[in-house]
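Tertiary structure, described
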Number of protein chains: 2
Amino acid sequence: MGAFPAALEELIDQFASLPGIGYKSAQRLAFHILSLPDSEARAFADAVVRARDRIHCCRICQNLTDADACAICTNPRRDASVVCVVSDPRDVTAIEHTREYNGLYHVLHGVISPMNHIGPDDIRIRELVERVAQGGIQEVIMATNPDTEGETTAKYISRLLKPFEVKVTRLAYGIPVGGSLEFADDATLMRALEGRLEF
Amino acid sequence: MGAFPAALEELIDQFASLPGIGYKSAQRLAFHILSLPDSEARAFADAVVRARDRIHCCRICQNLTDADACAICTNPRRDASVVCVVSDPRDVTAIEHTREYNGLYHVLHGVISPMNHIGPDDIRIRELVERVAQGGIQEVIMATNPDTEGETTAKYISRLLKPFEVKVTRLAYGIPVGGSLEFADDATLMRALEGRLEF
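Note that the coordinates shown come from a computational prediction; the quantities given were computed from them, not determined experimentally.

**Remarks on the overall build of chain A**
The secondary structure content of chain A amounts to 7 helices and 6 strands. Written out in order from the N terminus, the α and β elements of chain A read α-α-α-β-β-β-α-β-α-β-α-β-α. Taken over C-alpha atoms, the radius of gyration comes to 22 Å for chain A, far larger than the 16 Å a tight globule of 199 residues would show. Across its three principal directions, the C-alpha atoms of chain A cover 70 × 45 × 35 Å. Counting only residues that meet the buried cut, chain A has 42% of its 199 residues in that class. Split by element, the accessible area of chain A, about 11400 Å² in all, is 53% carbon and sulfur.

Next comes the structure, spelled out in structure tokens:
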């Protein structure tokens, strides 16, 4: 009998099933839960259920929201003629943080990845094409990550959007601001050279 | 509007309130919860509530249990004349894992630590003294961690137990000084048990 009581073992297992959490960390987290006042442990469990119940994808842009359409899509001051396509809701947060972008978004919830058996139908590409087909969108900015899968996804989508009267662009690649040439990898440097701009 | 919907923000905050989990990790965990099937998210929340509801301290040894008295205390094949005193339930698991020890335990749930305002009355020392006072215990093995607070606690308890006819020993220094019982390997723990010394 070296194990913990069943209910504790189960809680440890649940924590250990989360990404990036090993058994020792799961133990620590489970013991922390046991040490909490009852109300706080319940608030934690409630937050899990509530998030799962209330959060779903925006009818228009597929970003996470607790409303029918998200706060960005329903904001009349946003420019509805530009749509920025990202793979993850966190990318929306990152771009919003710059306060530079005033258009709308489209969240794919993934990228095409044959290695992981994720095809075009497994992410929200169809919803994007339908949005564009409805008209009113003049530019689609592809802002998937600058890796193989992100670029493949962007290229695939740009080809799908060819039949429509819409400009498809992508984020510029280059040296990160504040970065150093010395530490930039070859691919980034090549991209930065290719995309050089006139002063 | 760079933030996430309220229910998601709350879930992130709940994860971020756990020990050793920063905001980025909390984000990752919250998104993982949202990606789970509804039943799995609910199972996670239920595990939290159930552990909090069912797990409490054993009436006898103060170890965590879902019964009135734990499986070790109620096991008739265990030697009830020896009690091993540890600071944490995880230490019981570590010692049980060696399969070398057949006595009972007493879990203090902490150590005396003036720095952290934890005095003798804040841990389960009184319960241990009462157990010893009831008679039937011939040896108390102090197995607190071999650091300053652990040793102070062990010495304090051994002094409290002086009036009773009980042998008080401590684990031998097979355990690396400054280390933690929880992370000791089986061989080290076995040596420490075999070579235990009288106070």
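**Concerning the environment of B:Arg78**
All names here are of chain B. With respect to the helices and strands, the residue Arg78 is situated in the loop between strand S2 (64-65) and strand S3 (79-86). On the basis of relative accessible area, Arg78 is assigned to the buried category, the value being 12%. With residues near it in sequence (within four places) discarded, Arg78 still touches Ile72, Glu96, Tyr101, Asn102, Gly103, Leu104 and Tyr105.

**Some points on the pattern of salt bridges**
Here the structure, examined in full by the defined rule, presents 17 salt bridges over all chains. Between A:Arg52 and B:Asp38 there is a salt bridge, with its nearest N and O atoms 4.0 Å apart. With A:Arg52 in helix H3 (residues 38-54) and B:Asp38 in helix H3 (residues 38-54), this residue pair bridges two chains. According to the relative accessible area criterion, A:Arg52 is buried, its value standing at 18%. Between B:Asp68 and B:Arg59 there is a salt bridge, and its shortest N-O distance comes to 2.8 Å.

**Observations concerning the interface of chain A and chain B**
Residue-level contacts link 50 residues of chain A with 52 residues of chain B. Around 4700 Å² of area is buried between chain A and chain B when both sides are counted, 69% of it from carbon and sulfur atoms. Of all residues in chain A, A:Phe44, A:Arg52 and A:Arg90 bury the most surface against chain B, accounting for 14% of the area lost on that side. Remark: the boundary between chain A and chain B carries 5 salt bridges. Summed over the shared surface of chain A and chain B, the result is 8 residue pairs in polar contact (both at pLDDT 80 or more). Elements represented by at least two residues in the side of chain A that touches chain B include exactly helix H1 (6-16), helix H2 (23-35), H3, strand S2 (64-65) and helix H4 (89-98) of chain A. Broken down by class, the residue content of the side of chain A that touches chain B amounts to 30 nonpolar, 8 polar and 12 charged.

**With respect to the layout of surface pockets**
All names here are of chain A. Computed from the structure, the largest pocket encloses a volume of approximately 530 Å³. Of all elements in the fold, only strand S3 (79-86), H4, strand S5 (139-142), helix H6 (148-160) and strand S6 (167-170) reach the threshold of two or more residues within the lining of the largest pocket. Each residue belonging to the lining of the largest pocket can be placed in one class, and the counts come to 14 nonpolar, 6 polar and 5 charged.

**As for H3(A)**
Counted at 1.5 Å a residue, the expected span for H3(A) with its 17 residues is 24 Å, and the 24 Å between its end C-alpha atoms agrees. Looking only at H3(A), the buried set comprises A:Ala41, A:Phe44, A:Ala45, A:Ala47, A:Val48, A:Val49, A:Ala51 and A:Arg52. At its buried positions, H3(A) is contacted by H1 and H2 of chain A together with helix H1 (6-16), helix H2 (23-35) and H3 of chain B.

Definitions and cut-offs
- Residues numbered from 1 in each chain as written.
- Chains lettered and ligands numbered in written order.
- Predicted model: local features only at pLDDT ≥ 70, side-chain atom pairs only at ≥ 80, totals over all residues.
- Heavy atoms only, no water.
- Helix = DSSP H or I, 4+ residues; strand = E, 2+ residues; numbered from the N terminus.
- Rg over C-alpha atoms; globule rule 2.2 N^0.38 Å.
- Buried < 20%, exposed > 50% of the residue type's maximum accessible area, 1.4 Å probe, protein only.
- Areas by Shrake-Rupley, 256 points an atom, 1.4 Å probe, with all protein chains shown as cover.
- Contact = heavy atoms within 4.5 Å.
- Salt bridge = Lys/Arg side-chain N within 4 Å of Asp/Glu carboxyl O.
- Buried area = accessible area lost by both parts, 1.4 Å probe.
- Polar contact = N/O pair within 3.5 Å; in protein donor to acceptor, adjacent residues only side chain to side chain.
- Nonpolar A, V, L, I, M, F, W, Y, C, P; charged D, E, K, R; others polar.
- 1 Å grid on protein atoms, 1.4 Å probe; cavity = no way out; pocket = protein on both sides within 12 Å on 5 of 7 lines; lining within 4 Å.
- Points joined across faces, edges and corners; volume = space filled by probe spheres on them.
- Expected span 1.5 Å × (residues − 1).

Geometric descriptors of this kind do not, in isolation, establish any biological role.
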